[in-house]
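Chain and residue survey
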Amino acid sequence: MAGEASIAADGPSAAVWGFPGEGSDWKPVTYGGGAITSRSTPGEARDERGNILHAWRGASNDYIYIALNNGPSYRLPAGAGTFAQTWTPPKVIWTDDGGRGNFRIFHTGTEGHVYQHRVQLDSSYQLPGDLPDPTKIPNDTRTSATLPVGAAALPNNSFMLAWNSQSNDAIWTTYYNGEAATYTSPRVIPGALSKDAPALAAQVDTGSDPAPWNQIVLAFTGTDNNIYMSRQRYGTSTWTNPFKVYASGTSGYTRSGPSVALSRNGYGVISLTEDRDNTIGSYIISRDGGWSGYYEENSFANTYGKTPLAVIAGTNLYYVINGTGGGQNGVLWKEVYDFAAMPKPPAPQW
């Protein structure tokens, strides 16, 4: 990719206008009925065969809709002829069980409890005829009814969740062991304080990754409106002390929660909606715990305060927003950057 030399070194003092080669070609996210409309940022995940599941909150109601591969939409049930409802963006991950795997859609109920729908595609890799009812995450896992939960897929059909406390600014996590089908007791992440939803991402060596992270990354907005990051080495239970990710003289602060995504070659991003004008900014982060550069989206796309979703497929970064961009409005996406040409980053430091 041309322009790699413009990627900044650690600790820049000024923002960069767009990633190298970034265009302004926003496109609508679609399903079988046309462009998706929603009151929140949608969630999405891909399986190892490239199937993509979108989940979103209704545009005129609080139901949760899903669509596979931009096909027809379906409301997620809640049992007894009712449908699941949320006031927050749903989160979607895919976990590998050695077979077809599982799409997992997490949402915060209108009473604050956290729920999961586990959707496994049928043998033809289509949605099942009967979508599953939600299951409540155990151990009284709950957050504010207006905040989503963070989720990260882990090996062996496992995952981790992170959420903001219902009563104070603490951030809690729990780990689901897919092989044993058990949850750990919720734990507070030391020193991590936020008034908004945290974001989680993980990348663990698959045997073919050129620079695997082998870690889980937590990103959150601190009570001072700056972005913070903490990391956990995969297979341990200890988090690094949260540290600020902020370039002086830039607009890299927000009152909303961020999103985080990691690539298979050691780089990732923390993306946010800027306080000053609701446009998009992203910090590049690296598997060694460092960060480099703050990049402002180059078309003045506006998220209206809704957190942009950073999505990385392999090494390609995409933005998904609910807002306006490129003369369009609604749920939109665009390809932003390819990390494949970046130099191999340093090994993780703990």
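Quantities reported herein were computed from a predicted structural model and do not represent experimental measurements.

Within the fold, Glu297 resides in the loop between β27 (291-296) and β28 (309-313). By relative accessible area, Glu297 is classed as buried at 2%. A polar side-chain atom of Glu297 sits 2.6 Å from a polar atom in the side chain of Ser299. At 2.9 Å, the side chain of Glu297 forms a polar contact with the backbone nitrogen of Ala301. Glu297 has contacts with Trp17, Glu22, Trp26, Ile280, Tyr319 and Lys334, leaving out every residue within four places of it along the chain.

A few words on the side chain of Asn51. Mapping Asn51 onto the fold places it in the loop between β5 (43-46) and β6 (52-57). At a separation of 3.0 Å, a polar atom in the side chain of Asn51 contacts the side chain of Asn69. Leaving out residues up to four positions away in the same chain, Asn51 has contacts with Ala45, Arg46, Leu68, Asn69, Phe103, Leu121 and Tyr125.

It is worth spelling out the packing of aromatic side chains at this point. Here the structure, examined in full by the defined rule, presents 16 aromatic pairs. With 6.1 Å between their ring centres and 15° between their planes, Trp56 and Tyr65 make a pair best called stacked. The same class applies to Trp56 and to Tyr65, which are both buried. With 5.6 Å between their ring centres and 15° between their planes, Phe220 and Tyr228 make a pair best called stacked. Given the relative accessible area of 1%, Phe220 is considered buried. Taking the relative accessible area as the measure of exposure, Tyr228 reaches 17% and is therefore buried.

Cut-off values and rules
Residues numbered from 1 in each chain as written. Predicted model: local features only at pLDDT ≥ 70, side-chain atom pairs only at ≥ 80, totals over all residues. Heavy atoms only, no water. Helix = DSSP H or I, 4+ residues; strand = E, 2+ residues; numbered from the N terminus. Buried < 20%, exposed > 50% of the residue type's maximum accessible area, 1.4 Å probe, protein only. Polar contact = N/O pair within 3.5 Å; in protein donor to acceptor, adjacent residues only side chain to side chain. Contact = heavy atoms within 4.5 Å. Phe/Tyr/Trp six-rings, centres within 6.5 Å; stacked < 30°, edge-to-face > 60°.

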